[in-house]
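Observations on the model geometry
Read off the chains here:
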Amino acid sequence: RKYMIKLPTFVDLHTHTRYPDNSNFPSQDIERAALNGGYSEILAMANSEIPIDSVENLKLAREIDQNLNIKVHRVASLTENLEGKKLINFSEFINEGIRIFSDDGKSLVDDQLAHIAFKTIAELNGAVFQHCEKNCHTNPGDIAPPNFSNELITIEEEEETEILERDLTLVEKYKTRYHAQHLSSKKSVELIKKAKDKGLPVTAEVTPHHLMSNNEKIHTSDGEYKMYPPIRAEDDRQALIMGLKTGVIDIIATDHAPHPQETKTLSFKNSARGVVGLESAFAVLYSSNIFTLEELIAFMSKKPKEILHKLGYDISENSYCNWLEGEDIFVTRSIYKNSLFENSKVKIQKDITHV
């Protein structure tokens, strides 16, 4: 027998919509995945097929956003075409109500550009949301250590922490509002704690797949576990969990990244990076018994709303959705099924009668 429970809808601060695009990804699939997972609002990353590096492209995205039955908040890129070479015109986007800037999918690696960006964005009262990956433009890696393959490039912890350390130094210098995306390592949690202890305007996120998996379970026979940042050791996973429970990490964000099946059923080396997460996030986290229901509501609804609200984004009134509590198997219902949690046992499922 299944019991109905009513919960606040969730807000995801890390969704890859893929659109505006060249008609390769149906926008309605983002809507469907979000609603199936209990999300009413998403923050769309700038690395769509047509990147959000100009106001013209922003308007293309917003035209599509307005036709969806979810609220889509927008991010602009930090650099043109996310290439890390030339900063965009931040002021133009501020005038359009966009206050979050991110090259997510890539990192702002160039130190000189980073100084200018952090200083300018602070003066405009915006925020940097950073994907910390030192070699993203030169030699992106494949897998966290231990790496027993001659073919795969190892992604050391420093790949993340060196950018994060530099950024936090810039935050201290310019007082730029800063959000660390998809943390994966114990040292990253320690760096964020030090920054918060100094009173710096810093927030951070972690994904469900980094909370639920460690690299002891990774099979490199296919690309299912290919993602950035990589899933690391059990010590790192436990540090991420404690980071949330102690308030060092603020929210859980999905890093929802749809990929066609043919780009994920390749060798690990050649597979696309990323997993979908909007549909599975709450069901697998609730079923894990790692967090209380109250904690999950805070990490997935209350705190993401607070972050957006403080940055001047227009947040919707509270809305609610129904969940069915009882043993079940999680199955992705939207088109893109590159989920780590497909066919996992869960103890709750979204009531999709009205979706």
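Please refer to the structure higher up on the page.
Residues numbered from 1 in each chain as written. Predicted model: local features only at pLDDT ≥ 70, side-chain atom pairs only at ≥ 80, totals over all residues. Heavy atoms only, no water.

A closer look at the overall build of the chain
When you go through the chain residue by residue, the secondary structure sums to ten helices and eleven strands. In terms of overall dimensions, the chain is globule-like: its C-alpha atoms have a radius of gyration of 19 Å, near the 20 Å expected for 355 residues. Counting only C-alpha atoms, the chain reaches 60 × 50 × 45 Å along its principal axes. A burial count over the chain gives 58% of its 355 residues as buried. Across the chain, the fraction of contacts at a sequence separation of at least 24, relative to all contacts at a separation of at least 6, is 76%. Entry remark: accessible area of the chain is about 14900 Å², with carbon and sulfur atoms responsible for 47%. Of the side-chain charges in the chain, 42 are positive and 54 negative, and the distance between the mean point of each set is 4 Å. (Helix = DSSP H or I, 4+ residues; strand = E, 2+ residues; numbered from the N terminus. Rg over C-alpha atoms; globule rule 2.2 N^0.38 Å. Buried < 20%, exposed > 50% of the residue type's maximum accessible area, 1.4 Å probe, protein only. Contact = heavy atoms within 4.5 Å. Areas by Shrake-Rupley, 256 points an atom, 1.4 Å probe, with all protein chains shown as cover. Lys, Arg positive; Asp, Glu negative; His and termini not counted. Charge placed at Lys NZ, Arg CZ, Asp CG, Glu CD.)

Quick word on the sheet that holds strand β11 (residues 345-350)
Within a beta sheet, neighbouring strands are joined by backbone hydrogen bonds and run either parallel or antiparallel to one another. What the three strands build is an open sheet, ordered β1-β10-β11; its pairing is antiparallel. The two strands at the open ends of the sheet, each matched to only one other strand, are β1 (3-8) and β11. Each adjacent strand pair in this sheet contributes to an overall mean axis angle of 35°, direction not counted. Strands β1, β10 (320-329) and β11 of the sheet are contacted by helix α9 (residues 281-288), whose axis makes an angle of about 135° with β11. (Pairing = 2+ DSSP bridges. Axes fitted to C-alpha atoms, helices over the stretch in contact; angles between N-to-C directions.)

Some points on empty space enclosed by the protein
Here the structure, examined in full by the defined rule, presents two cavities of 30 Å³ or more. Of the volumes computed, that of the largest cavity is approximately 40 Å³. Every residue along the wall of the largest cavity is listed here: Ala 33, His 256, Val 276, Gly 277, Leu 278, Glu 279, Ser 280, Phe 330, Thr 332, Ser 334, Tyr 336 and Ser 339. Counted as a void, the second largest cavity has a volume near 30 Å³. Lining the second largest cavity are Thr 17, Arg 18, Phe 25, Pro 26, Asp 29, Ile 30, Pro 258 and Tyr 336. (1 Å grid on protein atoms, 1.4 Å probe; cavity = no way out; pocket = protein on both sides within 12 Å on 5 of 7 lines; lining within 4 Å. Points joined across faces, edges and corners; volume = space filled by probe spheres on them.)

Let's talk about the pattern of salt bridges
Throughout the structure, instances matching the rule amount to 18 salt bridges. Lys 71 serves as the salt-bridge partner of Asp 314, at 3.2 Å between the closest nitrogen and oxygen. Of the two residues, Asp 314 is situated in the loop between α10 (293-310) and β10 and Lys 71 in strand β4 (residues 71-74); the sequence distance between them amounts to 243 residues. Exposure remark for Asp 314: the relative accessible area of 55% places this residue in the exposed category. Here Lys 71 falls in the partly exposed class, since its relative accessible area comes to 25%. (Salt bridge = Lys/Arg side-chain N within 4 Å of Asp/Glu carboxyl O.)

Some words on the sheet that holds β4
Ordered by their spatial adjacency, three strands build an open sheet running β2-β3-β4, and the pairing between neighbours is parallel. Looking along the sheet, the strands with just one partner apiece sit at the ends: β2 (10-15) and β4. On average, each strand axis in the sheet is tilted by 20° relative to the strand beside it, whichever way the strands run. Across the face of the sheet, α10 comes into contact with β2, β3 (39-44) and β4 while running at roughly 60° to β2.

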